[in-house]
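Close look at the chain arrangement
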Amino acid sequence: LIATRRLPFWPATSVTFALLGIAAVLVRPPGSTDLQSLVVGAGSGVVLYGATRVVVALLVRIPPFASSATEVYGRSGEIPGVEVWVLTLAIAIPGEELLWRGSVLSELQDATSVVVGAGIAWLGYVAVNAVSRNLAILAAAAVGGALWTLLGSVHDVGAPIASHLAWTSLMLAWPPTV
């Protein structure tokens, strides 16, 4: 429904991830988060932002990617800026990470192994994002998802949340030029 624009992107994704995050915590409560995990996570989000800017600068020369990126960045204008920040940073990202790295990743690693579980969780995350039919979202899911899955595998869920929050904050404040 979001991909076909039948529902507005920001409110719909925020409500969806809020519900999924709550369900994930009910199924598998996350452990405690330490300061080191938050620092590592936030730092990796800043590095990911720098890499994203470089990659987007190269890929916008490819017309399908440029139109995909323009579509994603254009969504920020759908609702007032403050609402985008609150819905995304306070609701959607924590819910998304609690689901994918707090529950799905952990359950798959418990059922298989650390490496196999991480691979399956990452592939699932990319596949779910592929439904958007947007190259920029797919690229962000593939690269960001790999980083956040790695962080979730070697740190607690606080690291991928901090990384995703840092990256998204920077992407909202200073989106790459398309």
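Residues numbered from 1 in each chain as written. Predicted model: local features only at pLDDT ≥ 70, side-chain atom pairs only at ≥ 80, totals over all residues. Heavy atoms only, no water.

**Some details on the overall build of the chain**
For the chain, the helix and strand inventory stands at seven helices and zero strands. Ordered by position from N to C terminus, the α and β elements of the chain give α-α-α-α-α-α-α. Seen along its three principal axes, the alpha-carbon backbone of the chain occupies a region of about 40 × 30 × 30 Å. Residues classed as buried in the chain amount to 41% of the 178 residues present. When the accessible surface of the chain is summed, it comes to about 9,000 Å², and 74% of that surface belongs to carbon and sulfur atoms. In the chain, which carries 8 positive and 9 negative side-chain charges, the distance between the mean positions of the two groups comes to 13 Å. (Helix = DSSP H or I, 4+ residues; strand = E, 2+ residues; numbered from the N terminus. Buried < 20%, exposed > 50% of the residue type's maximum accessible area, 1.4 Å probe, protein only. Areas by Shrake-Rupley, 256 points an atom, 1.4 Å probe, with all protein chains shown as cover. Lys, Arg positive; Asp, Glu negative; His and termini not counted. Charge placed at Lys NZ, Arg CZ, Asp CG, Glu CD.)

**So, the side chain of Arg101**
Mapping Arg101 onto the fold places it in helix H4 (residues 81-111). In this structure the side chain of Arg101 is engaged in a polar contact, spanning 2.7 Å, whose partner is the side chain of Glu97. Residues within four places of Arg101 in sequence aside, it is in contact with Ser106, Tyr125, Gly145, Trp148, Thr149, Gly152, Val157 and Pro160. (Polar contact = N/O pair within 3.5 Å; in protein donor to acceptor, adjacent residues only side chain to side chain. Contact = heavy atoms within 4.5 Å.)

**A short note on the confidence of the model for the chain**
The pLDDT averaged across the chain works out to 91; a share of 97% of its residues lies at or above 70. Looking at the elements of the chain, mean pLDDT is at its lowest for helix H3 (residues 63-74), recorded as 87, and at its highest for helix H5 (residues 114-130), recorded as 97. (pLDDT = per-residue confidence, 0-100.)

**Side note on the side chain of Asn134**
Structurally, the position occupied by Asn134 is in the loop between H5 and helix H6 (135-154). The exposure class assigned to Asn134 is buried, which follows from its relative accessible area of 3%. What Asn134 contacts, discounting residues up to four positions off in sequence, is Ser68, Glu71 and Val72.

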